[in-house]
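Next come the chains, spelled out residue by residue.
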Amino acid sequence: CAQGGGADVLVSFTLLNPGNLQVEFAQFGNHVLGLFDNKGVALPCDSAPLACMTTNNQTMGKAIFSGLQAGQYYLVAEAVSKSSEGSIILMLSTK
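The rules behind these values
- Residues numbered from 1 in each chain as written.
- Predicted model: local features only at pLDDT ≥ 70, side-chain atom pairs only at ≥ 80, totals over all residues.
- Heavy atoms only, no water.
- Pairing = 2+ DSSP bridges.
- Helix = DSSP H or I, 4+ residues; strand = E, 2+ residues; numbered from the N terminus.
- Axes fitted to C-alpha atoms, helices over the stretch in contact; angles between N-to-C directions.
- pLDDT = per-residue confidence, 0-100.
- Buried < 20%, exposed > 50% of the residue type's maximum accessible area, 1.4 Å probe, protein only.

Draft legend 1. Region of the structure containing the sheet that holds strand S1 (residues 8–15). Reading across the sheet, the 4 strands line up as S1-S6-S3-S4 and stay open at both edges, with antiparallel pairing between neighbours. Two strands close off the open sheet at either side, each with one partner strand: S1 and strand S4 (49–54). Strand-to-strand twist across the sheet, computed as the mean angle between neighbouring axes with direction ignored, equals 15°. In this structure, S1 lies alongside strand S6 (residues 71–79), joined through 8 bridges in antiparallel fashion. Residue pairing across strands places Thr-14 opposite Gln-72, the latter belonging to S6.

Below, the structure written as structure tokens:
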């Protein structure tokens, strides 16, 4: 999603029921959050993009990804560039 060459981190999770995913974050740096559908073991984790959201240099905030089906997903937090790398704390919940 960011494609800026910054470091990234991946979180794998399963939704047991359809719903909305809320991601609250606190960060140093500037990151992009990418949500990907897990389409199977033989495919890379970024092969099925669903949504992308920039954190816009906010130190804290939240993103909501609506209308998700039950299933396995990946959430990737990637620094926008090498110069914007930093730490990020993510808290995931369903609504």
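Picking up where we left off.
Draft legend 2. Spotlight on the confidence of the model for the chain. Looking at the chain, pLDDT values average 88 and 87% of them are 70 or higher. Looking over the chain, one finds the lowest element-wise mean pLDDT in S4, namely 88, and the highest in strand S2 (residues 19–27), namely 96.

Draft legend 3. Examining the pairing of strand S3 (residues 31–37) more closely. Of all 7 residues in S3, 7 are buried; the element is thus mostly enclosed. Side chains of S3 alternate between two faces, with His-31, Leu-33, Leu-35 and Asp-37 and Val-32, Gly-34 and Phe-36 buried alike. Two elements, S3 and S6, share 7 bridges in a ladder whose sense is antiparallel. Residue pairing for S6: Phe-36 is matched across the bridge by Tyr-74. Where S3 meets S4, 5 bridges bridge the pair, whose relative direction is antiparallel. Across the sheet, the residue bridging to Val-32 is Thr-54, located in S4.

Draft legend 4. Layout of the sheet that holds strand S7 (residues 88–94). Reading across the sheet, the 3 strands line up as S5-S2-S7 and stay open at both edges, with antiparallel pairing between neighbours. The outermost strands of the open sheet, each flanked by one partner alone, are strand S5 (60–68) and S7. If you compare each strand with its neighbour and ignore which way they point, the axes differ by 20° on average. Direction of pairing for S2 relative to S5: antiparallel, over a ladder of 7 bridges. From the neighbouring strand, Ala-26 faces S5, where its bridge partner is Met-60.

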